[in-house]
Amino acid sequence: MSIRKPPLPRLLLKNVSCMRNAQQILRHVNVTLHDGGSLVLTGTNGSGKTTFLRMLAGFNRPSAGEILWNGHDITKSGIFHQYKLQLNWLSFKEAIKNNMSVLDNVQWFEVLEGKQGKSMPALELMGLGKLAKEKAKMLSMGQRKRLQLARLLAIDRPIWLLDEPSVALDDDGVKLLEYIIAEHRKKGGIVIVATHLPIEIEDAAYMRLPPRFPRRMTLVDMLDRRDF
Ligand SMILES: Nc1ncnc2c1ncn2[C@@H]1O[C@H](COP(=O)(O)OP(=O)(O)OP(=O)(O)O)[C@@H](O)[C@H]1O
Ligand SMILES: [Mg+2]
């Protein structure tokens, strides 16, 4: 009888902490993600959601603990070179060139990735097909976010790190976002989302980061404290 080992998680955070500016932002975080998995990060402003994503993207190093991809520490340079090619990052930094066409803004990234043929269908899916030839400066805020989402689809990497992906999207845009996340996961992709807005992601794990700063003391709190 053969005993099968359970598969290694694709991503494993083991007791991870992270400092920023000499302050501890994340403390003893443990997360396991297999192919098709999803994690939604919530928490107050400044609680560390973006820091969490930046750490997974390799911009901030953990101050303690390990981030393992396929069982290997991502901070080892040989591993990091392979790991970073798995990542697709969406944040407030749009990296949109206003004087380039909407299509070129997506295709440029697709070509850099050595891929072709996905940009136009991705723009069409995101409702920007008719604007493909327009300059990107013509786009509204929500349309710019849709362009970024089209880029995710065109680049087509397995691990999506999405920082507030639904900000500026209308109801239809949010549904499209939920749809492309679900489809990506069906193919085995992993999606990690930091958000303040509600988002429907089936069977996602949720992690609410604790506030960084305690609530200010009120007069009642002060009167309650004997040592005050
Ligand atoms: N560039 C930076 N340099 C140093 N410290 C920073 C920097 N950006 C943020 N921080 C610190 O890291 C903490 C966590 O910030 P982070 O951006 O991760 O929070 P967040 O949960 O994403 O907040 P928000 O909901 O506002 O997006 C903040 O309280 C801040 O003190
Ligand atoms: Mg943030």
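Here, the structure is the one placed above.
Just so it is clear, the structure is predicted and the values come from calculations on it, not from any experiment. (Residues numbered from 1 in each chain as written. Chains lettered and ligands numbered in written order. Predicted model: local features only at pLDDT ≥ 70, side-chain atom pairs only at ≥ 80, totals over all residues.)

**Remarks on the sheet that holds strand E3 (residues 38-42)**
Here comes step 1: The strand order across the open sheet formed by five strands is E6-E7-E8-E3-E9, and the pairing between neighbours is parallel. Each having just a single partner strand, strand E6 (87-90) and strand E9 (205-208) make up the two edges of the open sheet. Pairwise comparison of adjacent strand axes, ignoring direction, gives a mean angle of 15° for this sheet. (Pairing = 2+ DSSP bridges. Helix = DSSP H or I, 4+ residues; strand = E, 2+ residues; numbered from the N terminus. Axes fitted to C-alpha atoms, helices over the stretch in contact; angles between N-to-C directions.)

**Regarding the nonpolar core**
Here comes step 1: With 47 residues, the main nonpolar core has Leu-123, Ala-150, Leu-161 and Ile-192 as its most contacted residues.
Here comes step 2: Ranked by residue count, the leading element in this core is helix H5 (residues 141-155), at seven residues. (Core = buried A, V, L, I, M, F, W, Y, C linked by C-beta atoms within 7 Å. Buried ≥ 20, exposed ≤ 12 C-beta atoms within 10 Å, placed from the backbone.)

**Looking at the environment of Leu-147**
Here comes step 1: You can see Leu-147 is positioned in helix H5.
Here comes step 2: According to the C-beta neighbour criterion, Leu-147 is buried, with 23 such atoms within 10 Å.
Here comes step 3: Sequence separation of Leu-147 and Ser-77 is 70 residues, and the distance between their C-alpha atoms is 32 Å.
Here comes step 4: Leaving out residues up to four positions away in the same chain, Leu-147 has contacts with Ile-96, Val-102, Asn-105, Val-106, Leu-128, Ala-136 and Leu-139. (Contact = placed C-beta atoms within 7 Å.)

**So, the site of ligand 1**
Here comes step 1: For ligand 1, the full set of nearby residues is Arg-20, Asn-21, Ile-25, Gly-43, Asn-45, Gly-46, Ser-47, Gly-48, Lys-49, Thr-50, Thr-51 and Arg-212.
Here comes step 2: At three residues, helix H1 (residues 49-57) tops the list of elements feeding residues into the shell around ligand 1.
Here comes step 3: Its residues assigned to classes, the shell around ligand 1 comprises one nonpolar, eight polar and three charged. (Near = placed C-beta within 6 Å. Nonpolar A, V, L, I, M, F, W, Y, C, P; charged D, E, K, R; others polar.)

**Describing helix H6 (residues 171-186)**
Here comes step 1: The terminal C-alpha atoms of H6 lie 23 Å apart, and with 16 residues this matches the ideal 22 Å at 1.5 Å per residue to within 8%.
Here comes step 2: Taken as a whole, H6 has its buried residues at Leu-177, Ile-180, Ile-181, His-184 and Arg-185. The buried side chains of H6 occupy one side of the element, clustering within an arc of 135° when seen end-on. Exposed side of H6, more than 90 degrees from the buried face: Asp-171, Asp-172, Lys-175, Tyr-179, Glu-183 and Lys-186 are the residues found there.
Here comes step 3: Where the residues of H6 are buried, they touch E3, H5, strand E7 (159-163) and strand E8 (190-194). (Expected span 1.5 Å × (residues − 1). Arc of directions from axis to C-beta.)

**Here's the deal with unusual backbone geometry**
Where the residue is not glycine, phi is negative for most of them; where a peptide bond is considered, it is trans in most cases.
Here comes step 1: Even without being a glycine, Ala-95 presents a positive backbone phi close to 50°.
Here comes step 2: One non-glycine residue with positive phi stands out, namely Asp-203, at about 55°.
Here comes step 3: Of note, Asp-203 is situated in the loop between E8 and E9.
Here comes step 4: On the neighbour-count criterion, Asp-203 (8 C-beta atoms within 10 Å) is exposed.

**Brief notes about the pairing of E8**
Here comes step 1: Burial within E8 is extensive, with five of its five residues counted as buried.
Here comes step 2: Residues of E8 alternate between two faces, with Ile-190, Ile-192 and Ala-194 on one and Val-191 and Val-193 on the opposite face, all of them buried.
Here comes step 3: Note that E3 and E8 share four bridges and pair parallel. Each bridged residue has a counterpart across the sheet, and for Val-40 the counterpart in E8 is Val-193.
Here comes step 4: Note on the crossover from E7 through H6 to E8: the handedness is right-handed. (Right-handed = clockwise from strand over helix to strand, strands pointing away.)

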